[in-house]
Structure formats: C-alpha cells, structure tokens
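Now for the letters of each chain:
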Amino acid sequence: MRARHRFALAATCAAAALGLTPGVAAATPSEGVTGEIIAQTTVGDKDYILRKITIAPGGTTGWHFHDGMLYGLVTAGTLTHYKSDCSTDGIYNAGGTIVEPSGHDYVHMGRNLGPAPMVLHVLYVLPTGKPMSEDAPAPACA
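- An unreviewed UniProt entry annotates the chain as Cupin originating from Rhodococcus parequi.

So this is what it looks like as structure tokens:
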C-alpha cells in the first residue's frame, strides 16, 4: 500500500512540477477501452501525458506499441498483460505498478478478464508529437 501511495504522490508531484495542464477526454480504438487525459505538457523534446485508462470487463487494448516509456498504476480491477509471443508477462491487481518499454520491438496487449472495470493511471513519456500508442498487427499466435 505504501508503494502505491508513493507512486501516486510521485506522479502527482511530477505533474505539478512540470506544469501539466488539463487535457480533453480521448478514447482508444480498442474494444471496451476509454481514456481520459488528466494533464499534459511538453518539456524540451518530450511530451508528458498523465492519463486514466478504463477497460471494461472483457475489453482489450489490442496489439500496440509506444514510442516512449510508460509508467502505470492499477487503481481498480486486474490488468492481464501479454507480450508479442502471446504469453502472459504480468497480471497486475489494484495497487500494482507496470513499466512498459518503448519501441516497435515491444508489441503487447492488455486485457481485463475480470468482472469489473479495470482502471489504470499512466504517465507517458514520449518524443514530442508522437501518438500515445501505435497499432500493431496481431501476432501469428493470437
């Protein structure tokens, strides 16, 4: 529990220190996934975006990758995370943290296999102007 609070406090402090400004709601094209930008700013050549992602029961992010690092905190439900060989590389319950590396070599998918919505707060650290995620073809194992 302490780690969860420290992570949330660190993300909030980082957002405040960077002067993040509120953004507009954004939805991913994935099934059962909605996203709300809480704050965003650009510092130098990096975009910092704080976003709340909700995945409905049975929902999926679809296969994708990111051009920058992501740091996440599950605040409700359970996230099941898959890597590009279709193996599960993590199951994250409320209070769990996840770090996703950048690049097209890290194609992955997240799913909510539980009965209630899964909520994830994510800090994106992206090269300026890059999208929050990029769709990738489903691997042959999917």
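So that's the structure; there's more coming.
1. Description of the confidence of the model for the chain
Reading fine detail from the predicted coordinates is not recommended where pLDDT is low.
In step 1: Put simply, the chain has an average pLDDT of 86, and 79% of its residues get 70 or more.
In step 2: Under a pLDDT of 50 for its full length, residues 15-29 has, in the predicted model, 33 contacts with residues more than four places off or in other chains.

2. Overview of the pairing of strand S2 (residues 33-43)
In step 1: Sheet topology note: the S2/strand S3 (residues 46-55) ladder contains 10 bridges and is antiparallel. Looking at the pairing, valine 43 lines up with lysine 46 of S3.
In step 2: Hairpin connection from S2 to S3: 2 residues lie between these consecutive antiparallel strands, with glycine 44 at a positive phi of about 60 degrees.

3. Examining the state of the cysteines
In step 1: Scanning the entire structure with this criterion turns up 1 disulfide.
In step 2: Across the disulfide, cysteine 86 is cross-linked to cysteine 141 (sulfur-sulfur distance 2.0 Å). The sign of the 85 degrees torsion about the S-S bond sets the cysteine 86-cysteine 141 disulfide as right-handed. Taken as a pair, cysteine 86 in the loop between strand S6 (78-83) and strand S7 (88-93) and cysteine 141 in the segment after strand S11 (134-135) lie far apart in primary sequence, 55 residues in all.
In step 3: Owing to a relative accessible area of 41%, cysteine 141 belongs among the partly exposed residues under this scheme.

4. Here we look at the environment of leucine 123
In step 1: Tracing the backbone through its elements, the reader meets leucine 123 in strand S10 (residues 118-127).
In step 2: Those residues in contact with leucine 123, other than ones at most four positions away along the chain, are Ile49, Leu50, Met69, Leu70 and Tyr71.

5. Details of the side chain of threonine 60
In step 1: You can see threonine 60 is positioned in the loop between S3 and strand S4 (64-65).
In step 2: Threonine 60 sits in the buried class, given a relative accessible area of 17%.
In step 3: Within polar-contact distance, the side chain of threonine 60 engages the backbone oxygen of glycine 110 at 3.4 Å.
In step 4: For threonine 60, the contacting residues outside a window of four places in its chain are Ser30, Glu31, Val33, Ile55, Met109, Gly110 and Arg111.

6. Here's the deal with the nonpolar core
In step 1: Counting residues in each nonpolar core, the largest one holds 16 residues, and the members touching the most others are Ile53, Leu79, Leu120 and Tyr124.
In step 2: Counting only elements with at least two residues in this core, the list comes to S2, S3, strand S5 (69-76) and S10.
In step 3: With 5 residues, the single largest contributor to this core is S10.
In step 4: Excluding residues that lie within four positions of it along the chain, tyrosine 124 makes contacts with Asp47, Tyr48, Ile49, Arg51, Ile53, His66, Met69, Leu70 and Met132.
In step 5: Grouped together as the second largest cluster of nonpolar side chains are 6 residues, Trp63, Tyr82, Met109 and Ala136 included.

So, how was this worked out
Residues numbered from 1 in each chain as written. Predicted model: local features only at pLDDT ≥ 70, side-chain atom pairs only at ≥ 80, totals over all residues. Heavy atoms only, no water. pLDDT = per-residue confidence, 0-100. Contact = heavy atoms within 4.5 Å. Pairing = 2+ DSSP bridges. Helix = DSSP H or I, 4+ residues; strand = E, 2+ residues; numbered from the N terminus. Disulfide = S-S within 2.5 Å. Buried < 20%, exposed > 50% of the residue type's maximum accessible area, 1.4 Å probe, protein only. Polar contact = N/O pair within 3.5 Å; in protein donor to acceptor, adjacent residues only side chain to side chain. Core = buried A, V, L, I, M, F, W, Y, C linked by side-chain atoms within 4.5 Å.

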